[in-house]
Amino acid sequence: MDEVDQKPALPWWGRFTLGIGERGLWQVGPMRLGLARFRQELSVDYRENAEPRDARFFECPTTATLDGPGVVRNRYAFAETPEVVWVRPALADRAVVVYPEDPFHVTAGESITLFCSTPLWIRVEAGASRLALMETAIERPPDTWIGPSTREGELCYATLTAARLDRASVPRHPHRALTELRIRNAASDTLRLERVNLAVPYLSVFAARDGGLWTESVVLERTSSATLGRLQIGHPPVPSEVEKVTPARLIPDPGGVLVRAFSALFD
Amino acid sequence: MDLENLLTTEQFYGVVRAGVTVILGFAAAHLLRSVIGSVLDRRTSAQHAMLGRKVLYAVVLGLTFVSALRELGLDLGVLLGAAGVVTVAIGFAAQTSASNMISGLFLLGEAPFVVGEVIQVAGTTGEVLSIDLLSVKLRTFDNLYVRVPNETLVKAQITNLTRHPIRRYDLKVGVGYEAKMAKVREVLMDVAAKSPLALREPRPVIIFQSFGESAVNLQFSVWTARDNYIDLRNGLAEDVKEAFERERIEIPYPHRAIVTAPATPRS
């Protein structure tokens, strides 16, 4: 199994201070983000599809500017701009359907743990009250549809996963959060795992000491019904070594969320 | 009759009372329409809220006029008798209006569209602004206001473009006879895979259409979220053209050779 580089990575998120006329520059995965503070204006600029695609750096303050073709510029006006800005990762605003690269089977009665990553959004907030300014996908995942027909279902994002079973072999990307996914196949037949619907709006982002980003563990139990599963949200894989960076967008019910977890279209 | 006598007559007070009733009735109708309307806006669809507001307004105004007529001393029994005769006369004269009204009731009952949806009817495509007693009002995408009589809508074929959350776009494309079909298929599927707006599921499909005069005609069908339809439609054709050019797959078009004959010598 491939061993990947597990050296501590630089955290690109957090609280930053900018003086009047100062700038900050980030590159997170394929997205480059530039902040510039003026007396009455805060400029939040970004460019998608920047190279290298797996970069992770920031400089704040800096003299570097973000210009050129493809830069999207957003200007926010204030009576007086706050000196504190927050740059934070957030999980997707819709559920993410994870497709294993190769067919994956969970035999009847088995319970397995696998690791998969989902794409992150970048969020910029200003001031002590954390006023939300901008939020966008670091790398826009493709859309997909999960449901019994083209009339009923849910619009989700799609992502591929290698469905690794060993935590040490999971590669870390600055623009993706890892989820420990436990699947219990309580049905009497083998579960052919073609897709897993991860309801990420119910999950939070945690930062590990080594700079990796994680979500809570997720337990999906498949009963006799092939289409629906109950999603139980647990703790992050190593609770003592992580710190919550961004809370969940939605609050789950204590009993878990019933999701169309494994259903193929037109099952 | 002098002014003093006029002011003391019962008839004059009846006119005043009728006038006050009408003014109060109008005020009550407006007030109730806005109060009940805002409640309906929160609890029902836009269409039902609009219908509720109109019915309420008409009922209150109707009661107001009946009360005003009673204040004037008119016998409603006689009026209703006369109304029967008048109705028959008007019925002959206003067959189209009556037909539109009845068609409107059918449309409300069947609900093939609601306010806010985009429909295509009798060659016109537009957003439904209102469904009224006699007609439906549309706003076309070039911002024209179109009135379609209800009778036309009942008779015509209506296509609701926004009823379902996802749509399929069928791109008709022809490729040269020398192109390898497996390569064409691979290139088209790769274009869909790289487009974030193209849904992973339902999967894109390539359907053979015909052996044309100068090309093998194919249909490349890709699903997308309803709101992204126009963006996908524009982007996909561009991406396919660029991918075909990159992979040297020809999109043939009829060639016509024009040979200029030598001038006929004059005799």
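In this text, all values refer to a predicted model and were calculated from it rather than measured experimentally.

Draft legend 1. The arrangement of the overall build of chain A in detail. Summing up its helical and strand segments, chain A has zero helices and 22 strands in all. For chain A, the residues scored as buried account for 39% of the 267 residues in total. Long-range contacts, defined here as pairs at least 24 residues apart, represent 76% of the contacts in chain A between residues at least 6 apart.

Draft legend 2. Molecular detail of the overall build of chain B. Secondary structure summary: chain B contains eight helices and eight strands in total. Here chain B has a C-alpha radius of gyration of 32 Å; the compact-globule value for 267 residues is 18 Å, and the former is much larger. Dimensions of chain B, computed from C-alpha atoms along their principal axes, come out at roughly 105 × 65 × 30 Å. Considering chain B as a whole, with its 267 residues, one finds that 17% of them fall into the buried category. Counted over contacts in chain B with a minimum sequence separation of 6, partners at least 24 positions apart contribute 64%.

Draft legend 3. Local environment of the sheet that holds strand β13 (residues 154-161) of chain A. All names here are of chain A. Across the sheet, which stays open at both edges, the four strands sit in the order β12-β13-β8-β16 with mixed pairing between neighbours. What marks the edges here is a single partner per strand, and that holds for β12 (143-146) and β16 (196-198). Between one strand axis and the next, the sheet turns through 45 degrees on average, direction left out of account. Of the pairings in the sheet, the one linking strand β8 (residues 96-100) to β13 comprises five bridges and is parallel in character. Residue pairing across strands places Val97 opposite Ala158, the latter belonging to β13.

Draft legend 4. Looking closely at the interface of chain A and chain B. Opposite the 11 residues of chain A that make contact, chain B presents 12 residues. At the level of elements, β12 and β13 of chain A are the ones that each hand at least two residues to the side of chain A that touches chain B. For the side of chain A that touches chain B, the element with the highest residue contribution is β12 of chain A, accounting for three residues. Along the lines of polarity and charge, the residues of the side of chain A that touches chain B split into six nonpolar, two polar and three charged.

Draft legend 5. View of the environment of Val240 of chain B. Residues and elements named next belong to chain B. Position of Val240 among the secondary structure elements: in helix α8 (residues 229-246). Residue classification places Val240 among the buried residues on the basis of 20 C-beta atoms within 10 Å. In sequence terms Val240 and Glu117 are 123 residues apart; their C-alpha atoms lie 31 Å from each other.

Draft legend 6. Spatial organisation of the sheet that holds strand β6 (residues 71-77) of chain A. Residues and elements named next belong to chain A. On the basis of which strands lie adjacent, the open sheet formed by five strands has the order β5-β2-β3-β4-β6 and antiparallel pairing. Edge strands, defined here as strands with exactly one partner in the open sheet, are β5 (55-62) and β6. Recorded for the sheet is a direction-independent mean angle of 15 degrees between the axes of neighbouring strands. Bridge count for strand β2 (residues 23-29) against strand β3 (residues 31-37) is six bridges, and the pairing is antiparallel. Opposite Val28, over in β3, you have Met31 as the bridge partner.

Draft legend 7. Inspection of unusual backbone geometry at higher detail. Following Cys60 of chain A, the chain continues to Pro61 of chain A via a peptide bond in cis, the omega torsion being 5 degrees. Counting through the fold element by element, Pro61 of chain A comes out in strand β5. In this structure, the amide linkage connecting Glu201 of chain B to the following residue, Pro202 of chain B, adopts the cis form with an omega of 0 degrees. Topologically, Pro202 of chain B is positioned in the loop between α7 (181-194) and β7 (205-211). The phi dihedral of Arg130 of chain A falls on the positive side, at around 55 degrees, and the residue is not glycine.

Draft legend 8. Seen up close, the confidence of the model for chain B. All names here are of chain B. When pLDDT is averaged along chain B, the result is 85; 95% of the residues meet or exceed 70. Of all the helices and strands in chain B, helix α1 (residues 3-8) carries the lowest mean pLDDT, 63, while strand β8 (residues 216-225) carries the highest, 96. This prediction of the complex comes with two scores: 0.77 for pTM and 0.82 for ipTM.

Draft legend 9. Geometry of the packing of α7 of chain B against α8 of chain B. Residue and element names in this part refer to chain B. Packing of α7 against α8 leaves a shortest axis separation of 10 Å and a crossing angle of 135 degrees. By the angle between their directions, the pair α7 and α8 is classed as oblique. Seen along the crossing, α7 lies across α8 with a hand that is right-handed. Two secondary-structure elements touch here, α7 through Val187, Leu188, Asp190 and Val191 and α8 through Leu236, Asp239, Val240, Ala243 and Phe244.

Draft legend 10. Summary view of the environment of Val216 of chain B. Residue and element names in this part refer to chain B. Considering the arrangement of structural elements, one finds Val216 in strand β8. Separated by 41 residues in sequence, Val216 and Val175 place their C-alpha atoms 5.3 Å apart. Setting aside residues no more than four positions away along its own chain, Val216 makes contact with Gly174, Val175, Tyr177 and Phe211.

Draft legend 11. Helix α4 (residues 76-93) of chain B, seen in detail. Its 18 residues place the ends of α4 of chain B 24 Å apart at the C-alpha level, agreeing with the 26 Å of an ideal helix rising 1.5 Å per residue. With respect to burial, α4 of chain B is a largely exposed element, only zero of its 18 residues being buried.

Draft legend 12. Highlighting α7 of chain B. Residues and elements named next belong to chain B. Counted at 1.5 Å a residue, the expected span for α7 with its 14 residues is 20 Å, and the 20 Å between its end C-alpha atoms agrees. Where α7 is concerned, the buried positions are Val184, Leu188, Val191 and Ala192. The buried residues of α7 occupy an angular sector of 95 degrees when projected down its axis, which confines them to one face. Away from the buried face of α7 by more than 90 degrees, exposed residues Ala182, Ala193 and Lys194 are located. The secondary structure elements touched by the buried residues of α7 are β6 (166-175), β7, β8 and α8.

Draft legend 13. Broad picture of the nonpolar core. Core analysis: the largest hydrophobic core is formed by 77 residues, its most contacted members being Leu91, Val96, Leu120, Ile122, Leu198 and Val200 of chain A. With eight residues, strand β10 (residues 111-126) of chain A is the largest single contributor of residues to this core. In contact with Leu120 of chain A, not counting residues within four places along its chain, are Pro89, Ala90, Leu91, Ile138, His175, Arg176, Ala177 and Leu213 of chain A. Membership of the second largest hydrophobic core comes to eight residues, among which are Val121, Val128, Ile131 and Val136 of chain B.

Draft legend 14. Geometry of the confidence of the model for chain A. Per-residue confidence for chain A averages 85 on the pLDDT scale, and 88% of its residues sit at or above 70. When the elements of chain A are averaged for pLDDT, strand β22 (residues 257-259) of chain A gives the smallest value, 58, and strand β7 (residues 84-91) of chain A the largest, 95.

Calculation notes
Residues numbered from 1 in each chain as written. Chains lettered and ligands numbered in written order. Predicted model: local features only at pLDDT ≥ 70, side-chain atom pairs only at ≥ 80, totals over all residues. Helix = DSSP H or I, 4+ residues; strand = E, 2+ residues; numbered from the N terminus. Buried ≥ 20, exposed ≤ 12 C-beta atoms within 10 Å, placed from the backbone. Contact = placed C-beta atoms within 7 Å. Rg over C-alpha atoms; globule rule 2.2 N^0.38 Å. Pairing = 2+ DSSP bridges. Axes fitted to C-alpha atoms, helices over the stretch in contact; angles between N-to-C directions. Nonpolar A, V, L, I, M, F, W, Y, C, P; charged D, E, K, R; others polar. pLDDT = per-residue confidence, 0-100. Parallel < 35°, antiparallel > 145°, perpendicular 65-115°, else oblique. Left-handed = near helix turned anticlockwise from the far one by under 90°. Expected span 1.5 Å × (residues − 1). Arc of directions from axis to C-beta. Core = buried A, V, L, I, M, F, W, Y, C linked by C-beta atoms within 7 Å.

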